[in-house]
Amino acid sequence: MEQELIKIFTDVTLLQLMALLAGSLFFAAVDFRVYQEDQFESVLYMALSVFFLIAHIFYLFSIPPDYLHLNLQNPWYWFVSLLAPALIFLLLSFALFGFVTTHVWEGGIKLFFGLTLFCYLFMLGSHWPIDIRGILTIVYSGIWIRLELA
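This write-up is about the structure you can find in this document. (Residues numbered from 1 in each chain as written. Predicted model: local features only at pLDDT ≥ 70, side-chain atom pairs only at ≥ 80, totals over all residues. Heavy atoms only, no water.)

Observations regarding the overall build of the protein
Within the protein, the secondary structure is distributed over five helices and zero strands. Ordering the α and β elements of the protein from the N terminus gives α-α-α-α-α. Expressed as a percentage of its 150 residues, the buried residues of the protein come to 35%. Sequence separation of at least 24 residues holds for 64% of the intrachain contacts in the protein that already meet a minimum separation of 6. On the protein, roughly 9300 Å² of surface is accessible, and the fraction owed to carbon and sulfur atoms is 74%. (Helix = DSSP H or I, 4+ residues; strand = E, 2+ residues; numbered from the N terminus. Buried < 20%, exposed > 50% of the residue type's maximum accessible area, 1.4 Å probe, protein only. Contact = heavy atoms within 4.5 Å. Areas by Shrake-Rupley, 256 points an atom, 1.4 Å probe, with all protein chains shown as cover.)

Here's the deal with the side chain of Ser141
Within the secondary structure, Ser141 is located in helix α5 (residues 130-149). With relative accessibility at 15%, the residue Ser141 sits in the buried group. When neighbours within four sequence positions are excluded, Ser141 is seen to be in contact with Leu83 and Leu87.

What to know about the packing of aromatic side chains
Overall, the coordinates contain twelve aromatic pairs when judged by the stated rule. Residues Phe27 and Phe52 carry aromatic rings whose centres are separated by 5.6 Å and whose planes lie at 10 degrees to one another, so their mutual orientation is stacked. Residue Phe27 is located in helix α1 (residues 2-36), and its partner Phe52 is located in helix α2 (residues 42-62); the two are separated by 25 residues in the primary sequence. A residue is classified by how much of its surface remains accessible, and Phe27, at 17% relative accessible area, is buried. Using a relative accessible area of 23% as the deciding quantity, one classes Phe52 as partly exposed. With centroids separated by 6.5 Å and ring planes inclined at 70 degrees, the aromatic side chains of Tyr120 and Tyr140 adopt a geometry described as edge-to-face. Highlighted residues: Tyr120 in helix α4 (residues 104-124) and Tyr140 in helix α5, separated in sequence by 20 residues. Tyr140 sits in the buried class, given a relative accessible area of 7%. Ring-pair connections join several aromatic residues into one group, and the members of that group are Phe26, Phe27, Tyr45, Phe51, Phe52 and Phe94. For Arg33, the ring lying beneath its charged end belongs to Phe94, and the centroid distance is 5.4 Å. (Phe/Tyr/Trp six-rings, centres within 6.5 Å; stacked < 30°, edge-to-face > 60°. Lys NZ or Arg CZ within 6 Å of the ring centre and 35° of its normal.)

A few points about the environment of Ile63
Here Ile63 lies in the loop between α2 and α3 (75-100). Using a relative accessible area of 11% as the deciding quantity, one classes Ile63 as buried. Sequence separation of Ile63 and Thr13 is 50 residues, and the distance between their C-alpha atoms is 8.9 Å.

The structure is reproduced here in structure tokens:
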């Protein structure tokens, strides 16, 4: 019974860490868009982004090491297990938002990159070395930043 509770809490902890990271990336993306229009609200969005990032880091390092099955000595595990799902969620949700607001071309591009990252990391490349999957996550993070700046 105790092992099942630990597994449940570990899964919820990973989801919370991914949500904090996705919140930070979301507010950073909104800040990019608002900053391009020279609006003062960009300071607020950057503060929210930094808050979620600090909360993510604090929560990540306050978890006991044997409780969370994430190797913090190797940063590639952080890229693949936390950043990649948050990035996939953001790409797919921005794609859905693009389809709803009749920006079909932007939505299609974000849908393509979100689904290809998902397929590369968790379907095709599930047996690939962790550093290759981490580098692929970094490349897709750069693509996401480029898409948000466009």
